[in-house]
Amino acid sequence: MRNVFLIFIILVFFVAPFLPSGETGRSEAQEANGTTPETAPATGNGDTIRPYVIPEGGPFHSERIAIENSRAIAEWHRSGHADAASESFSHWDEDGAIPPNCAVCHAGAGFRAFHGLDGSEPGLPPEPVPTGGVVDCETCHNPGLSRVAQISLPSGVSHPVQGVEAACLTCHQGRASGRAVEAAIGDAPEDRPNPELRFINPHYATAAATWLGGYGGAGYQYAGRDYSGRFFHARPIGTCASCHEPHSLEVATETCLTCHQSGEPEEIRISRHSYDGSGDTSVGIHSDIQSNARLLMKMMKDYSGAIVGSPLVYDSHSYPYFFADANGDGVADTSDGRAQAYASWTPRLLRAAYNWKLVTADPGVYVHNPPYALELLHDSIADLAGPLEVDMDSLGLLR
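Keep in mind the model is a prediction, meaning the values are calculated, not measured.

**What about the layout of surface pockets?**
So, step 1. In this structure, the second largest pocket occupies an estimated 190 Å³ of space.
So, step 2. Taken together, H286, I289, Q290, A293, R294, V359, T360, D362, P363, V365 and Y366 make up the full set of residues lining the second largest pocket.
So, step 3. Broken down by secondary-structure element, the contributors of at least two residues to the lining of the second largest pocket are helix 12 (285-308), helix 13 (347-361) and helix 14 (365-368).
So, step 4. Here the lining of the second largest pocket gets 5 residues from one element, more than from any other, and that element is helix 12.

Spelled out as structure tokens, the structure:
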């Protein structure tokens, strides 16, 4: 016992000089913050204000600190909206800035400028927006977004919106409409190549455009035909966030089970009829849409070779996607090492290609608006069937 007491005394003797007093500890904290006791401001009673300085270490662990919405932030961080390295946000890296019309959806700063959420007048950003931005938190959580009451679509339709729905519809409406195709072809002969025509790209991830259907006017809608409007699900499905987790963007498949036997969207069928002529109604409507899209592409290629006399080929990885294929070998013609864009468009071929691209540009069209997708594909196929002398009845398609 005596030895233990002696050791304790020795430890105190050697360690005590190195233990800072309370006052010394506060002074060091001030100096670490760049403010010494001599220069720190004083209160009215003469006491020095000593701002709290977070220590470099301490009796805490950052991973144990509960942060509100930390799960949402983590899910957003793993989503496509936060992927700064993706083509959606890195496409302009070599240019150093994003053009104003592209920045509206490909940079949070551009989006806020477009809606005037940054204090500016609403409209396209006045200057190119620096690269490096993504669909950040303030894109959807800016308090000013609640004041956006309607979104203008490429067709000219103004659609009423509420809250975060404004963000979804701003950036997933595409950048063209059937009206743009109609204006381009005018009253030119249906089957005569026009060197002035170019492929009109509806853009990508066009979920809002297809969801609104014929009312939104995204597709080329053939004269004399009626088209399904906005696709209404039964409650509780009413907005984008009804099915999509807004941070991770994943589909809440359990919601499907409210009404459907399967929680897998691709397995869901909305009709007991076969639309692709296969007669198979055991598969999801997704299968019918894919089948008719493949048929339309085949007929477009047949038409380009047999009617136009200038075969085309499609390449999903290269803009403008449709290229010349003079020898019909399925490979784009090149000149100086570059693929040659297709330049023999007829009005009939252009509108079919536009509709095909609109439907296939929305990977979830079979959920967003299957009736509208099937109608656009059917009418485009029927339009090409005439000059190709294909009997539509023999195809067994339903509209």
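Once the structure has been displayed, the description carries forward.
**Examining the nonpolar core**
So, step 1. By size, the foremost hydrophobic cluster in this structure holds 46 residues, and its most contacted members are I289, L296, M300, F322, W345 and L384.
So, step 2. In this structure M300 touches F322, L349, A352, A353, W356 and L384, once residues within four positions along its chain are discounted.
So, step 3. Within the second largest apolar cluster, 14 residues are counted, among which are L117, I151, W211 and F231.

**What to know about empty space enclosed by the protein**
The rolling of a water-molecule-sized probe over the atoms marks out the regions of remaining empty space.
So, step 1. By the definition in use, this model includes 1 cavity of 30 Å³ or more.
So, step 2. Estimated volume of the largest cavity: approximately 40 Å³.
So, step 3. Surrounding the largest cavity, L153, P154, Q173, A208, A209, L212, G216 and A218 form its lining.
So, step 4. A per-class count over the lining of the largest cavity returns 6 nonpolar, 2 polar and no charged.

Reading guide: rules and limits
- Residues numbered from 1 in each chain as written.
- Predicted model: local features only at pLDDT ≥ 70, side-chain atom pairs only at ≥ 80, totals over all residues.
- Heavy atoms only, no water.
- 1 Å grid on protein atoms, 1.4 Å probe; cavity = no way out; pocket = protein on both sides within 12 Å on 5 of 7 lines; lining within 4 Å.
- Points joined across faces, edges and corners; volume = space filled by probe spheres on them.
- Helix = DSSP H or I, 4+ residues; strand = E, 2+ residues; numbered from the N terminus.
- Core = buried A, V, L, I, M, F, W, Y, C linked by side-chain atoms within 4.5 Å.
- Buried < 20%, exposed > 50% of the residue type's maximum accessible area, 1.4 Å probe, protein only.
- Contact = heavy atoms within 4.5 Å.
- Nonpolar A, V, L, I, M, F, W, Y, C, P; charged D, E, K, R; others polar.

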